[in-house]
Amino acid sequence: MSPNASSPDASTPLPVPKDLSELFVPSMRGHLKSAFKSVMGNPTLAMINMAGGVPHPSTFPITQLRATVKSPSLSSAPHNRESTLDLAKSCRSQSTESLDELLQYGDGCGIDSYCAFLRRYTQRVHQPRYANWGVIASCGNTDAIGKTVSLFCEPGDSILVDRWTFPGALSSLASAKVLPAPVPMDDEGMIPEALDSICQTWSGSAPPRAIYLVPTGQNPTGTTMTLARRKAIYSVAQARNLAIIEDDPYYFLQLPPASLPSHSLRGAEHSDQVQDLVPSLLSLDTDGRVIRLDSFSKILAPNLRCGWITAPTYILDKIQILNESTILQPSGLSQGLISKLLNDTWGFDGWDAHLRELRTVYTHRRNLFIQAVDRHLAGLVEYTVPTAGMFLWMKINLGNAAADPAAMSRLLGSMKKCGVMMAPDMPFSSSAMEPATTERYLRAAFALVDIDMFEPALKRLAQAITSVSDARSSAMHLDAS
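What this report covers is the structure whose coordinates are included nearby.

Calculation rules
Residues numbered from 1 in each chain as written. Predicted model: local features only at pLDDT ≥ 70, side-chain atom pairs only at ≥ 80, totals over all residues. Heavy atoms only, no water. Helix = DSSP H or I, 4+ residues; strand = E, 2+ residues; numbered from the N terminus. Buried < 20%, exposed > 50% of the residue type's maximum accessible area, 1.4 Å probe, protein only. Pairing = 2+ DSSP bridges. Contact = heavy atoms within 4.5 Å. Axes fitted to C-alpha atoms, helices over the stretch in contact; angles between N-to-C directions. Polar contact = N/O pair within 3.5 Å; in protein donor to acceptor, adjacent residues only side chain to side chain.

### Quick look at unusual backbone geometry
Cis geometry is adopted by the peptide bond preceding Pro-220, which originates at Asn-219 and carries an omega value of 20 degrees. Looking at the secondary structure, you find Pro-220 in the loop between strand 8 (210-213) and helix 7 (227-240). In the Ramachandran plot, Lys-177 falls in the positive-phi region, its phi being about 60 degrees despite a non-glycine side chain. Looking at Lys-177, the relative accessible area reads 57%, which means it is exposed. Phi angles above zero are rare outside glycine, and Arg-305 is one such case at about 50 degrees. You can see Arg-305 is positioned in the loop between strand 10 (290-295) and strand 11 (307-312). For Arg-305, a relative accessible area of 32% translates into the label partly exposed.

So this is what it looks like as structure tokens:
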């Protein structure tokens, strides 16, 4: 059992979630069903079913799927073992469906064995505090963001978001003509007092009904909410009757303080690696107002395009309808591989060991990167050491050039000439206006680049910053003379 959330006595029935359907947009209220399925109902095994446009599985040319995967170490001893996964055409393998089932049309919920593992793991890690919750498959969190936002927002509505946030979420909002309402941040993420103040003084036509945030390893700032901060945000949501969309792809990439050695995670021998993770908002939720989004993109592989949504079942019913009118469900092959890996090959112990290894890798990378930053960018940048994720958010010291509205464009041009690129701040801005302050930022991702490229990258960045600030100082000196 995870110690990161206290669970009620098993003999005490869990409360039912509060009905937040009043927060839904009008088109999402009431009982929605697929028009075709509402007419056809659920065929029984005794029926000769000729209703659906479903191909016969004998026409599927893929008869076997085999994959070789690394086996994570269950102890501190290194090893290089591998396992083989097999999916057969018409035979189930332990917990996982056959290829014929994986390749066939499905409903909007996802493959049964895939969702079953994720529900068990969610119970183990987050221990939801109310009854009647479940999980549903998504094609990753960008897909899930669009669907969950559409439950609570229609064109012209606003949603509360971090001042700096994930560009994919901002794109989804823009496509839906939903307006981001920026909430100020500090080193722990969204500030609860600012959130409450914005709600209290809201003067728009319709007050926001939902918050979107990334509480762990926030993209782009790298901030992670403490337990106290999460409780405070949740309290505001309760007081203001807001739904919370908890986008948490970096939850399992929480890292120890930089003062600890990168091998400090390797000593944990068995499966309960969640013990030192900050509790999720879901684990604090007693009302059923948190819709949690998880993804395999950062913890298995991005182009598997698989994730999952956790929420009260009446909310998942709406998302199922949205799935069935868009993606239907993620690729059956991706879901099948993940299900086979997690259900039949790794299990909880192997999955926890894999996540622990990822945390060790990213801790090592982060530590080396910030050491290199301190060597090459001292006086040129300011930052807070991230305790989750894969980003370092750096405030750039451009000296006298900082007051120049074109300074960031000039810096990006200089960086290109020097042969280095990092993400500038504006694509992450949830504000419709350019920042009034002279503070400008860069986001450096330390996940992909080879470690031996850290030093040359940061030397080039130092050269680019210095060239912009020095050029402005020289121009000011000439003007003065």
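### A word on the pairing of strand 5 (residues 179-183)
The sheet contact formed by strand 4 (residues 158-162) and strand 5 spans 5 bridges and is parallel. From the neighbouring strand, Ile-159 faces strand 5, where its bridge partner is Pro-180.

### So, the sheet that holds strand 15 (residues 440-445)
Taken together, 4 strands build an open sheet; the order of strands is 12-13-15-14 and the sheet is antiparallel. Of all strands in the sheet, those with a lone pairing partner are strand 12 (381-383) and strand 14 (423-424), marking the two edges. This element, helix 10 (residues 332-376), spans strand 12, strand 13 (391-396) and strand 15 of the sheet and lies at about 145 degrees to strand 12. Along the sheet, helix 11 (residues 407-418) makes contact with strand 13, strand 14 and strand 15, crossing strand 15 at roughly 35 degrees.

### Focus on the sheet that holds strand 8
By definition, the strands of a sheet pair up through backbone hydrogen bonds, in either a parallel or an antiparallel sense. Pairing is mixed across the open sheet formed by 7 strands, whose spatial order is 3-11-10-9-8-4-5. Both edges of this open sheet fall to strand 3 (133-138) and strand 5, since each of them pairs with a single strand only. Strand after strand, the sheet turns through a mean of 25 degrees between neighbouring axes, direction not considered. Inspection of the sheet shows strand 10 paired to strand 11 by 4 bridges, in the antiparallel sense. Bridging from a neighbouring strand, Arg-292 pairs with Thr-310 of strand 11.

### Regarding the side chain of Ser-113
Mapped onto the fold, Ser-113 is located in helix 3 (residues 112-126). One polar contact links Ser-113 to Glu-97, side chain to side chain, over a distance of 2.5 Å. Setting aside residues no more than four positions away along its own chain, Ser-113 makes contact with Ser-95, Thr-96, Glu-97, Ser-339 and Asn-343.

Such coordinate-based values are descriptive only and should not be taken to indicate function.
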